[in-house]
Amino acid sequence: MSGMLLLLLAQAAAPTVGDTIRIERVVGDVGNAVVRPQLWTLGQLGEQLGPAEVVQGARGVVVRYALVLWYPGAQTITMPGPVVVRRDGSSDTLATSSYRVEVESVLPSGVPKSTLAPKPARGTVRIAEVSWIPPVLLGGSALLGLALAALWRRRRGRAPPRPAPVAVLPTPEQLERWAEAGEYRAALEGWSWRLARRIAPGKQDEALVELQALLDDISRQVYLPGESGQLARLCERAARMEAA
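Small disclaimer: the values here were computed from a predicted structure and weren't measured.

**Let's talk about the nonpolar core**
Counting residues in each nonpolar core, the largest one holds 20 residues, and the members touching the most others are I23, W40, Y65, L67, L69, I77 and V101. Those elements that provide at least two residues to this core are β2 (20-28), β6 (60-69), β7 (73-79) and β10 (97-103). Tallying contributions element by element places β6 first for this core, with five residues. In terms of nonpolar packing, the next biggest core, distinct from the first, is built from 18 residues, A187, W191, L208 and C235 among them.

Written out as structure tokens, the structure reads:
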């Protein structure tokens, strides 16, 4: 029968009222067409759980529904036929398929319903529960870590102070080579660093006055445009002052 295809129930045991029931329909090979399942309306008998799945299996395209039924007993349900949409825009709605499923009741068998007492209502389920255990554990771990770190530092002792970095100044030979190469400004900056170390606070004599005058001339000329001859003469004065 072309309108009736095989339906499979993915349920090992008989389902009960409220259980999720999965029913499959094998559509087969549809080529490049697209299979679109329709909404399965069960009325008061049950309802569809989420959209139907379309998967490609070894037997071709398979349409799978997830359902829930609200009434016990033998129920006959009719699956709507999926729509096959081809690439040229034409479509074909397959015939519906019927399936018979046995749904067991969740009530005990052999007992009249009128004699069954309803279970008491359950209490309100709290959305969140406040517990002080995580903060206490976290705080205790932090205090323990601080205590261990303090004990380790105490046993290790204080680290020796690091020596102050010593500035490495260029040697007079290097400065003279820079001047000979025409790098007068770089040489004058190096001479100024070397000569400035000779100035002592509170001390004043003729040599220091001459030294201060040379440093003033260098500071005025080193960053200003000037003739190479003037810069070369400053380098010679600085070299003589360094050698004195």
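**As for the side chain of R25**
Tracing the backbone shows R25 in strand β2. No salt bridge is formed by the buried R25. Its closest oppositely charged neighbour is D92, at 9.5 Å.

**Some remarks on the packing of aromatic side chains**
Going through the model one piece at a time under the given rule, you end up with one aromatic pair. Between W40 and Y65 the ring centres are 5.1 Å apart and the planes differ by 90°, which places this aromatic pair in the edge-to-face class. In this pair, W40 sits in the loop between β3 (34-36) and β4 (46-48) while Y65 sits in strand β6, placing the two residues 25 residues apart along the sequence. The same class applies to W40 and to Y65, which are both buried.

**Points about the packing of helix α3 (residues 184-196) against helix α5 (residues 228-243)**
With their axes 10 Å apart at the nearest point, α3 and α5 run at an angle of 30° to one another. Between α3 and α5, the interaxial angle falls into the category roughly parallel. For the crossing formed where α3 meets α5, the hand is left-handed. Facing α3, whose interface residues are Y184, R185, A187, L188, W191, R194 and L195, α5 presents S228, L231, A232, L234, C235, A238, A239, M241 and E242. Split by residue class, the contact of α3 with α5 holds 12 nonpolar, one polar and three charged.

Cut-offs used in this document
- Residues numbered from 1 in each chain as written.
- Predicted model: local features only at pLDDT ≥ 70, side-chain atom pairs only at ≥ 80, totals over all residues.
- Heavy atoms only, no water.
- Core = buried A, V, L, I, M, F, W, Y, C linked by side-chain atoms within 4.5 Å.
- Buried < 20%, exposed > 50% of the residue type's maximum accessible area, 1.4 Å probe, protein only.
- Helix = DSSP H or I, 4+ residues; strand = E, 2+ residues; numbered from the N terminus.
- Lys, Arg positive; Asp, Glu negative; His and termini not counted.
- Salt bridge = Lys/Arg side-chain N within 4 Å of Asp/Glu carboxyl O.
- Phe/Tyr/Trp six-rings, centres within 6.5 Å; stacked < 30°, edge-to-face > 60°.
- Axes fitted to C-alpha atoms, helices over the stretch in contact; angles between N-to-C directions.
- Parallel < 35°, antiparallel > 145°, perpendicular 65-115°, else oblique.
- Left-handed = near helix turned anticlockwise from the far one by under 90°.
- Contact = heavy atoms within 4.5 Å.
- Nonpolar A, V, L, I, M, F, W, Y, C, P; charged D, E, K, R; others polar.

So far we have only geometry, and geometry alone does not tell us how the molecule works.
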